[in-house]
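A structural walkthrough
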Amino acid sequence: MAGRSIFDTEDARRLAKRRMPRMMFDFVDGAVGSELAAQLNSEAIRQIRLCPRVLVNVDGRTLSKTFLGEEMGLPFGIAPMGMCNLVWPGADQILASQAAEHKIPVGVSTAASTRLEEMYERSEGRAWFQLYVYQSHEAAFELVDRAAAAGYTKLLLTVDVTQLSRRVRDLRNGFHVPFKMGLRQFADFALHPTWSLTTLVKGVPSPQNYDALKGDANATRKANRGSADWDFLKRLRDRWKHSLLVKGVLSPDDALKIKQTGADGISVSNHGGRQLDSAPAAIHALPAVRAAVGSDFPLVFDSGVRSGEDVVKALAMGADFVLLGRPMLYAIGANGERGLNQLIEALRQDIDVALSQTGLRAVSDVSAGILQDPSMATLKD
Ligand SMILES: Cc1cc2nc3c(=O)[nH]c(=O)nc-3n(C[C@H](O)[C@H](O)[C@H](O)COP(=O)(O)O)c2cc1C
C-alpha cells in the first residue's frame, strides 16, 4: 500500500473499507439505529457556506492556537475512541505518535486497547484521558488518579453513553469484544489476510485500562453506564485538579449547569451519531450552547467533521477546538501511519487555504464573521 495516497477523508474511507474486515470497518463506520444522526452531522456541516474576502494581505498564516493553556500545532485533534487496535493492529500507537508529531491532542478512551501510561508517553504528553463511568464510582476515581499520576492534565468525562446503543451493523455482524471467531467471521478475516495475520502476530487486542473490562469485556461494555449524575460531576471536580471537560453535551441548559459546576470546558458532540438516532446534527446544537456559556468558555466540537473546511466552519459556529473520530481510523485502516499522516496534512492544507480565502491570517481569528450567514452562529440563549 506504500504507493497509495490519501487526499481526503473519502479516499481514506474507501481504501479502509477494502482493506479492513467488514466487521471492523462497520464498527468504525456504523452508528445507532437507521444512522440518520450520523448522516445529518456531516450533511449539516456541508451545507454551511463561508464568505470569501479579497484584497487582504494573508501572507504568513498560522494554524497553531492556544487551548486550555496549551499550544496546539493545529486547531483539531483526535477524538477518544475505544478498541482502536481491533480496527487495525497498532492503531493506538500510530495515533499517539502522529499526535506528538503534529502537536495535537489524542483522546485516550477508558476502553482503549493500550494502557493509558503508554499512550501518554508515546504522544509526548499530548494525550487527553477520556473517562467512562461504569457501575463503580470508586473504580472511576481510581482510574482518574492513575491518569493524574501518569501526567495527564486534560480529562474528558463522557456523559452521552448512559447505555451502549443498538448499532445494527454490529449486531448483524456479531461484533463482540473480545471478538469471537464463528464461521461468518472466519470468512471475513480470511478475505482480509493482512489484517488477520498482523492481528495474529501482535495478539488479539483487549481493553487495557479498566480491570473490570478485562474479564467479560462485552458484558461490561453493555452494562449500564447511567449512574454518573450531577453529584458525581461535583465529586470528580473535587478529585481532579487539572482541566476537566464534559463530553457529549447538546442542551444549552445542561451546558450552563456544567459550567456552574466548575468544569473547565464542554465538548459539544452527539458521539458521531452513535448513541441517539433522533439527536440533532451536533453542529446545529453548537450556537445555542455557545450562547448559554458565554464567549470565553472553552468549547470543543466533534461529530461529522470530515475536511479542513469543516474544521473552520465548526470554529466559526462557536467552537474553540475540534476533534475528528472516524476519519482518523479510516486513514489508518487505509494505509497505517503513512495514511494518517497524509490525512492530517490534507486537513492542514485545507484549513490554510480556507483561512486565506476568508481573509484571515490566524486560525485564532476565525469567527462567525466569515459565515455567509453570520446569524447562524449568533443565537441568543
Ligand atoms: C470506533 C469509535 C469508538 C469510539 N469510542 C469512544 C469512546 O471510547 N469514548 C468516547 O467518549 N467516545 C468514543 N467515540 C466517539 C468519538 O469520540 C467522537 O465523539 C465521534 O467519533 C465524533 O464523530 P465523527 O466520527 O463523525 O468524527 C467513538 C467513536 C468511534 C467511531
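Use the structure listed above.
In what follows, the accompanying structure is described. As the structure is a prediction and not an experimental result, all values here were calculated from the model.

1. Description of the pairing of strand β7 (residues 243-249)
Residues in a regular strand point their side chains to alternate faces of the sheet. Taken across its seven residues, β7 has seven buried, putting it largely inside the fold. In this structure, strand β6 (residues 154-158) lies alongside β7, joined through five bridges in parallel fashion. Its bridge partner lying in β7, Leu 156 is registered against Leu 245. With four bridges joining them, β7 and strand β8 (residues 265-268) adopt parallel strand pairing.

2. So, the site of the ligand
As a matter of local geometry, the ligand sits amid 22 residues, with Pro 80, Ser 109, Thr 158, Arg 306 and Gly 325 nearest to it. Contact between the ligand and His 271: a nitrogen atom at 3.4 Å from a side-chain N or O atom of the residue. Considered on its own, the ligand offers 610 Å² of accessible surface; in the complex 97% of this is hidden by protein. Of the residues in the shell around the ligand, the class split is seven nonpolar, ten polar and five charged.

3. Quick word on the packing of helix α14 (residues 252-260) against helix α15 (residues 282-293)
At a closest axis distance of 8 Å, the pairing of α14 and α15 adopts a crossing angle of 35 degrees. Crossing geometry of α14 relative to α15 is assigned as right-handed. Contacts between α14 and α15 involve Pro 252, Ala 255, Leu 256 and Lys 259 on the former and, on the latter, Ala 288, Val 289, Ala 292 and Val 293. Considering only residue class, the contact of α14 with α15 consists of seven nonpolar, no polar and one charged.

4. A few points about the pattern of salt bridges
Charged atoms that come close allow side chains of opposite charge to pair. Evaluated as defined, the whole model comprises 18 salt bridges. Between Asp 352 and Arg 61 there is a salt bridge, with the nearest N and O atoms lying 2.8 Å from each other. In this pair, Asp 352 sits in helix α17 (residues 326-357) while Arg 61 sits in the loop between α3 (36-47) and β1 (65-67), placing the two residues 291 residues apart along the sequence. Residue classification places Arg 61 among the partly exposed residues on the basis of a relative accessible area of 29%. Residue Arg 115 pairs with Glu 117 through a salt bridge whose shortest N-O separation is 3.6 Å. Residue Arg 115 is classed as partly exposed on the basis of its relative accessible area of 39%. Counted as one network, the salt bridges with shared partners bring together Arg 13, Arg 22, Asp 26, Asp 29, Glu 35 and Arg 169.

5. Points about the packing of aromatic side chains
What the rule picks out here adds up to ten aromatic pairs. An angle of 10 degrees between the planes, with centres 5.3 Å apart, marks the rings of Phe 67 and Phe 321 as stacked. Here Phe 321 lies in strand β10 (residues 321-324) and Phe 67 lies in strand β1, a separation of 254 residues in the sequence. For Phe 67, a relative accessible area of 3% puts it in the buried group. An aromatic cluster is defined as three or more aromatic residues linked by ring pairs; in this entry it consists of Phe 67, Trp 128 and Phe 321. The aromatic ring of Phe 27 is capped on one face by Arg 274, whose charged end is 5.5 Å from the ring centroid.

Scoring rules and cut-offs
- Residues numbered from 1 in each chain as written.
- Predicted model: local features only at pLDDT ≥ 70, side-chain atom pairs only at ≥ 80, totals over all residues.
- Heavy atoms only, no water.
- Buried < 20%, exposed > 50% of the residue type's maximum accessible area, 1.4 Å probe, protein only.
- Helix = DSSP H or I, 4+ residues; strand = E, 2+ residues; numbered from the N terminus.
- Pairing = 2+ DSSP bridges.
- Near = heavy atom within 4 Å.
- Polar contact = N/O pair within 3.5 Å; in protein donor to acceptor, adjacent residues only side chain to side chain.
- Areas by Shrake-Rupley, 256 points an atom, 1.4 Å probe, with all protein chains shown as cover.
- Nonpolar A, V, L, I, M, F, W, Y, C, P; charged D, E, K, R; others polar.
- Axes fitted to C-alpha atoms, helices over the stretch in contact; angles between N-to-C directions.
- Left-handed = near helix turned anticlockwise from the far one by under 90°.
- Contact = heavy atoms within 4.5 Å.
- Salt bridge = Lys/Arg side-chain N within 4 Å of Asp/Glu carboxyl O.
- Phe/Tyr/Trp six-rings, centres within 6.5 Å; stacked < 30°, edge-to-face > 60°.
- Lys NZ or Arg CZ within 6 Å of the ring centre and 35° of its normal.

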